[in-house]
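Observations on chain architecture
Here is how the chains run, residue by residue.
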Amino acid sequence: MLMHLPTTNIRNQQGVGLIEVLVSLLVLTIGVLGMVAMQTRALQFSQESIYTSHALMMAYEMTDRIRANKGSEGSYLVDYGTQVTAQNDCISNICNPTQMASYDTAEWKTALAGNLPLGDGEITVDNSGPRPFYVISVRFTDSRIDQALDGGAGGETLREVQVRTEI
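Since we're looking at a predicted model, the values are computed, not measured.

Empty space among the atoms can be located by rolling a probe the size of a water molecule over them. If you add up the space inside the largest pocket, you get close to 150 Å³. Around the largest pocket sit Gly 81, Thr 82, Gln 83, Val 84, Thr 85, Ala 106, Lys 109, Thr 110, Ala 113, Gly 119 and Asp 120, which together line it. Residue contributions to the lining of the largest pocket peak at four residues, all from helix 3 (residues 97-115). Class assignment of the residues belonging to the lining of the largest pocket gives a composition of three nonpolar, six polar and two charged.

Written out as structure tokens, the structure reads:
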């Protein structure tokens, strides 16, 4: 005995496999885009972490330079945006403590500008307590990654690292 299958059900089912494939492709595409976005954010945070680490190392290096030149702490005070030029090369010449402070500050500001994007530094003193505290601040921006994440229209977000120490 032959069984006759109704043809109307088969006609209604044509193309269903194609729609399922398209829906699964859409879900896969959304997943891949999500992974790309996560990877981009991870890259941003990783690069920012590297810059922050460099800024902290350079701030601590400056505290060591100030401590090594005891008695000339006031000669190290400098503001953001201030160009410092050393009068002498204290590596090959003998310098007095004030010249050494100027040399150290100039070298530090040059290293900040060379190693951090738009890197700059400031050294201030806080005399509000019984003993003075020196505040070494390093500022930088990561505008390249900000612009990449914002589609080329990102602004410059300044990041600042501060070390507060007693000399």
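Judged by nonpolar contacts, the single largest core of 20 residues is most densely connected at Met 62, Ile 66, Trp 108, Leu 116, Ile 123, Ile 136 and Val 138. Of all elements in the fold, only helix 2 (16-68), helix 3, strand 2 (133-141) and strand 3 (158-166) reach the threshold of two or more residues within this core. Ranked by the residues each element gives to this core, the list is headed by helix 2, at six residues. With residues near it in sequence (within four places) discarded, Trp 108 still touches Met 58, Ala 59, Met 62, Arg 65, Val 78, Gly 121, Glu 122, Ile 123, Ile 136, Ser 137 and Val 138.

This paragraph deals with the state of the cysteines. Covalent bonding between the sulfur atoms of two cysteines defines a disulfide. Counted by the stated rule, this structure contains one disulfide. With a sulfur-sulfur separation of 2.2 Å, Cys 90 is cross-linked through a disulfide to Cys 95. Since a negative S-S torsion denotes a left-handed disulfide, the Cys 90-Cys 95 link at about -105° is left-handed. For Cys 90, a relative accessible area of 11% gives the class buried.

This next bit is on the sheet that holds strand 2. Taken in spatial order, the three strands make up an open sheet running 1-2-3, and their pairing is antiparallel. In this open sheet, the two edge strands, each paired with only one partner strand, are strand 1 (120-126) and strand 3. On average, each strand axis in the sheet is tilted by 20° relative to the strand beside it, whichever way the strands run. As paired elements, strand 1 and strand 2 share seven bridges and run antiparallel to each other. Opposite Val 125, over in strand 2, you have Tyr 134 as the bridge partner.

Analysis parameters
Residues numbered from 1 in each chain as written. Predicted model: local features only at pLDDT ≥ 70, side-chain atom pairs only at ≥ 80, totals over all residues. Heavy atoms only, no water. 1 Å grid on protein atoms, 1.4 Å probe; cavity = no way out; pocket = protein on both sides within 12 Å on 5 of 7 lines; lining within 4 Å. Points joined across faces, edges and corners; volume = space filled by probe spheres on them. Helix = DSSP H or I, 4+ residues; strand = E, 2+ residues; numbered from the N terminus. Nonpolar A, V, L, I, M, F, W, Y, C, P; charged D, E, K, R; others polar. Core = buried A, V, L, I, M, F, W, Y, C linked by side-chain atoms within 4.5 Å. Buried < 20%, exposed > 50% of the residue type's maximum accessible area, 1.4 Å probe, protein only. Contact = heavy atoms within 4.5 Å. Disulfide = S-S within 2.5 Å. Pairing = 2+ DSSP bridges. Axes fitted to C-alpha atoms, helices over the stretch in contact; angles between N-to-C directions.

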